[in-house]
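What the coordinates show
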Protein chains: 2
Amino acid sequence: MKYPNGKKYVKSSEVKTVKEHRSLLSAANRGMSLEEDINLSNEYYRDMGIALINKRPTPINIVKVDYSRGARITDAYFEKQSTTDYNGVYKGKYIDFEAKNTKSETSFPLGNISEHQIIHLKNVIKHGGVAFFIICFQIKNEVYLLDASFVIKFYEIGGRKSIPYNVFKEKGVLIKQDYTPRLHYIDAVETLYFK
Amino acid sequence: MKYPNGKKYVKSSEVKTVKEHRSLLSAANRGMSLEEDINLSNEYYRDMGIALINKRPTPINIVKVDYSRGARITDAYFEKQSTTDYNGVYKGKYIDFEAKNTKSETSFPLGNISEHQIIHLKNVIKHGGVAFFIICFQIKNEVYLLDASFVIKFYEIGGRKSIPYNVFKEKGVLIKQDYTPRLHYIDAVETLYFK
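Described below are features of the structure shown in this document.

Conventions adopted
Residues numbered from 1 in each chain as written. Chains lettered and ligands numbered in written order. Predicted model: local features only at pLDDT ≥ 70, side-chain atom pairs only at ≥ 80, totals over all residues. Heavy atoms only, no water. Helix = DSSP H or I, 4+ residues; strand = E, 2+ residues; numbered from the N terminus. Buried < 20%, exposed > 50% of the residue type's maximum accessible area, 1.4 Å probe, protein only. Contact = heavy atoms within 4.5 Å. Areas by Shrake-Rupley, 256 points an atom, 1.4 Å probe, with all protein chains shown as cover. Pairing = 2+ DSSP bridges. Axes fitted to C-alpha atoms, helices over the stretch in contact; angles between N-to-C directions. Polar contact = N/O pair within 3.5 Å; in protein donor to acceptor, adjacent residues only side chain to side chain. Phe/Tyr/Trp six-rings, centres within 6.5 Å; stacked < 30°, edge-to-face > 60°. Lys NZ or Arg CZ within 6 Å of the ring centre and 35° of its normal.

**Quick notes on the overall build of chain A**
Counting secondary structure elements, chain A contains six helices and ten strands. Each of the 195 residues in chain A was classed as buried or not, and the buried ones make up 52%. Residue pairs in contact within chain A that sit at least 24 positions apart in sequence constitute 64% of those at least 6 positions apart. Approximately 9300 Å² of chain A is accessible, and the part contributed by carbon and sulfur atoms is 52%.

What follows is the structure in structure tokens.
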């Protein structure tokens, strides 16, 4: 299947050789596939019994279904996610996060974070869940985990709405990049919330 | 929007009068709208700050997108949910469940529970999450919450694969039905897992 961005999703079970995996990795190094990297990491974490995190399916608004063809959808459109892209469980705790790329080297712009997502993350925190962002600075090839409270704070300041890179360096955790898992982000969760 | 079963999803904000709500309720009493009842209950729990539970969007496999019309999906089909329909957070804990109706009075048949869902729920339990089923016996108009471990046990026995009604009576918790929330299922979660 093709995603709206035209990229193919590759399941880890379909990645047959180290060479293929390396080519995925180099794609990742160009900052092209944060979503793929997280999906592959989640498969690894699931298969190894470390954590159970899933991507929520993209919500789709269905306009027309052709039942004569076995419930084939013939008209529909993408809806904005009103929650976040990922959630699941680690050590009994509820985990909830959003992942974003940025081409900026100096800050992460909050332009494509919706107010619904901010409200959702505030609710997650209120209910004692673990809420964060995974942000990939593509040009630096650095991926950070930052607690959602910082994103909420900067979102609510108003004005230009972006989070300076230094906040990630000082308050976030740099996620180790590797082959399997691509992103050791559960290590960062462990450091930030379970130690 | 219409769901595959041809029913319209009614948001609580669209339910304007007690009469309309009663008509929803009576539909529920006929066991027609377990999904609607849970969605309405989740809205209530979210708005009251009690719990944060969401329905996962139905996964859809997209075959064709018309970008000339602003990313309009012109060919797609429904995929089977490989996890469960609902998850979220209550008192910091990860909550995960599946909801099903049955017309049988004597047992809940496991025919439309997929092996993927059983594997998923086993994983939830392994990671310390709270996993259960909400089963509506439509003719009796009784809705039970049953810990997923029982469903897993009966699923793995083999043979006819169904759970006798008595198991729900003895091991499950009868969920109180009401106007708001339609189903007090968090009370049942509290009784079973937090007391």
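**Considerations on the environment of A:His127**
Note on placement: A:His127 falls in the loop between helix H3 (115–126) and strand S7 (130–137). On a C-alpha basis, the gap between A:His127 and A:Tyr94 in space is 9.3 Å, while along the polypeptide they are 33 residues apart. When residues no more than four places from it in sequence are discounted, the contact partners of A:His127 are B:Gly49, B:Ile50, B:Ala51, B:Leu52, B:Val89, B:Lys91 and B:Gly92.

**Brief notes about the sheet that holds strand S3 (residues 72–78) of chain B**
Pairing is antiparallel in the open sheet, where four strands are placed in the order S2(A)-S3(A)-S3(B)-S2(B). The open sheet has two edge strands with one neighbour each: strand S2 (60–66) of chain A together with strand S2 (60–66) of chain B. Ignoring which end each strand starts from, the neighbouring axes of this sheet average 30° apart. With six bridges joining them, S2(B) and S3(B) adopt antiparallel strand pairing. Opposite B:Asp66, over in S3(B), you have B:Arg72 as the bridge partner.

**Here we look at unusual backbone geometry**
A:Pro181 follows A:Thr180 through a cis peptide bond whose omega is -5°. Structurally, A:Pro181 is set in the loop between strand S10 (173–174) and helix H6 (185–193). Positive phi, close to 50°, is recorded for B:Lys91, a residue that is not glycine. Tracing the sequence through the fold places B:Lys91 in the loop between strand S4 (86–90) and strand S5 (93–102). At B:Asn141, a position not held by glycine, the phi torsion is positive, near 55°. Residue placement: B:Asn141 occurs in the loop between strand S7 (130–137) and strand S8 (142–147).

**A closer look at the environment of B:Asp178**
Residues and elements named next belong to chain B. Position of Asp178 among the secondary structure elements: in the loop between strand S10 (173–174) and helix H6 (185–193). The partly exposed category is assigned to Asp178, whose relative accessible area is 26%. Once the C-alpha coordinates of Asp178 and Ser41 are considered, the two residues, 137 residues apart in sequence, prove to be 9.9 Å apart. There is a polar contact of 2.8 Å between the side chain of Asp178 and the side chain of His184.

**Some words on the packing of aromatic side chains**
Scanning the model with the defined rule gives 29 aromatic pairs over all chains in all. Consider the rings of B:Tyr144 and B:Phe168, whose centres lie 6.1 Å apart with planes at 55°: the pair is tilted. Taken together, the residues span a long stretch of sequence, with B:Tyr144 in strand S8 and B:Phe168 in helix H5 (residues 165–171) at a distance of 24 residues. Members of the aromatic cluster, each reached through a chain of ring pairs, are A:Tyr44, A:Tyr45, A:Tyr86, A:Phe97, A:Phe132, A:Tyr185 and A:Tyr193. For the cation-ring pair, B:Lys140 lies above B:Tyr165, with the distance from its terminal atom to the ring centre recorded as 4.2 Å. For the cation-ring pair, B:Lys161 lies above B:Tyr155, with the distance from its terminal atom to the ring centre recorded as 4.2 Å.

**Details of the pairing of strand S8 (residues 142–147) of chain A**
Residues and elements named next belong to chain A. Across the six residues of S8, six count as buried, placing the element largely inside the fold. Burial of the side chains of S8 extends over both faces: Glu142, Tyr144 and Leu146 are buried on one face and Val143, Leu145 and Asp147 on the other. Bridge count for S7 against S8 is six bridges, and the pairing is antiparallel. Within the sheet, the bridge partner assigned to Ile134 lies in S8 and is Leu145. Count of turn residues in the S7/S8 antiparallel hairpin: four residues, of which Asn141 carries a positive phi of about 55°. Bridge analysis of S8 against S10 gives two bridges, and the strand direction is antiparallel. Following the sheet pairing, Tyr144 is matched in S10 by Leu174.

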